[in-house]
Amino acid sequence: MRVLSLVCSLSPSPARSSSHLLADQVTKEFDRLGVPGDVVRVADHDVRPGVETDMGDGDAWPALREKVLAADILILATPIWLGHPSSICQRVLERLDAELSESDDEGRLLTYGKVAGVAVVGNEDGAHKVSADLFQALNDVGFSLAPGAVTYWVGTAMEGTDYQDLDETPESVASTTRTLAVNALHLARRLAADPYPAS
């Protein structure tokens, strides 16, 4: 089993990022379960707009797509901007749309059997709306979702505190992060042992 977290912060490295922090915490939970993982900040790569697996001309998505297809579990970590996932997260979803045209010898999408989860941070209410948007999109392109497939933190309304600036992780967030990791791993193991039937 392997997990890949795609961090959809608008800021490239080495800028601090609450989304990256939460993705790191999710990855640590998987590591405690014996599952290695990678965290990739998408803004560090030249992912071109489009809905193909390779948009050519230096497009960085094909290399990231290889990582997605090599992973058993995909985590999308995004901030909330104007009540929505970041534009980089939307671009990742648009690039994943190409998977609808890719299938194995039995007609199954290459993403079938892979599990997805979501990590959301923001300084306003909206984590449920953002996770609902991502759940639908990820399911549309072939990923499966376990119960409790999201962990999130949103600050008090009308305040400017970032998740990365908290003195410690709230227990409610830590508990939800553990649930995400445990349930996603359980589902991934079940799907690996008993794949979806041919389409």
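Placed above this text is the structure.
Cut-offs used in this document
- Residues numbered from 1 in each chain as written.
- Predicted model: local features only at pLDDT ≥ 70, side-chain atom pairs only at ≥ 80, totals over all residues.
- Heavy atoms only, no water.
- Helix = DSSP H or I, 4+ residues; strand = E, 2+ residues; numbered from the N terminus.
- Polar contact = N/O pair within 3.5 Å; in protein donor to acceptor, adjacent residues only side chain to side chain.
- 1 Å grid on protein atoms, 1.4 Å probe; cavity = no way out; pocket = protein on both sides within 12 Å on 5 of 7 lines; lining within 4 Å.
- Points joined across faces, edges and corners; volume = space filled by probe spheres on them.
- Nonpolar A, V, L, I, M, F, W, Y, C, P; charged D, E, K, R; others polar.
- Salt bridge = Lys/Arg side-chain N within 4 Å of Asp/Glu carboxyl O.
- Buried < 20%, exposed > 50% of the residue type's maximum accessible area, 1.4 Å probe, protein only.
- Patch = residues over 30% accessible without salt bridge, like charges linked within 9 Å, V, L, I, M, F, W, Y side chains within 5 Å.
- Areas by Shrake-Rupley, 256 points an atom, 1.4 Å probe, with all protein chains shown as cover.
- Contact = heavy atoms within 4.5 Å.

Tracing the chain through its elements places glutamine 164 in the loop between strand 6 (144-154) and helix 5 (171-193). At a separation of 2.9 Å, a polar atom in the side chain of glutamine 164 contacts the main-chain amide nitrogen of serine 17.

Attention shifts here to the layout of surface pockets. In this model, the largest pocket occupies a volume close to 330 Å³. Going through the elements one at a time, helix 1 (18-32), strand 3 (73-81) and strand 5 (115-122) are the ones with two or more residues in the lining of the largest pocket. In terms of residues, the lining of the largest pocket owes the most to one element, strand 3, which gives three residues. Considering only residue class, the lining of the largest pocket consists of seven nonpolar, eight polar and three charged. Of the pockets and cavities examined, the second largest pocket occupies roughly 170 Å³. When the residues that make up the lining of the second largest pocket are grouped by side-chain class, the tally is eight nonpolar, one polar and four charged.

To continue, consider the pattern of salt bridges. Tallying each qualifying case throughout the model produces eleven salt bridges. The partner of glutamate 29 in a salt bridge is arginine 32, with the nearest N and O atoms 2.7 Å apart. In this pair, glutamate 29 and arginine 32 both sit in helix 1, three residues apart, roughly one turn of the helix. The shortest N-O distance in the salt bridge between aspartate 59 and arginine 95 comes to 2.6 Å. Residue aspartate 59 is found in the loop between strand 2 (37-41) and helix 2 (61-70), and its partner arginine 95 is found in helix 3 (residues 87-96); the two are separated by 36 residues along the sequence. Classification of aspartate 59 by relative accessible area gives buried; the value is 10%. The structure contains a network of salt bridges with shared partners spanning Asp46, Arg48 and Asp57.

Taken together, Leu10, Trp81 and Leu82 make up a surface patch of nonpolar side chains, about 380 Å² in accessible area. Along the chain, tryptophan 81 falls in strand 3.

On to the side chain of threonine 27. Note on placement: threonine 27 falls in helix 1. When its relative accessible area of 13% is taken as the criterion, threonine 27 is described as buried. At 2.9 Å, the side chain of threonine 27 and the backbone oxygen of alanine 23 are in polar contact. Every residue in contact with threonine 27, bar those within four places of it in the chain, is listed here: Ser5, Gly37 and Val39.

By themselves, these figures tell us nothing about what the structure is for.
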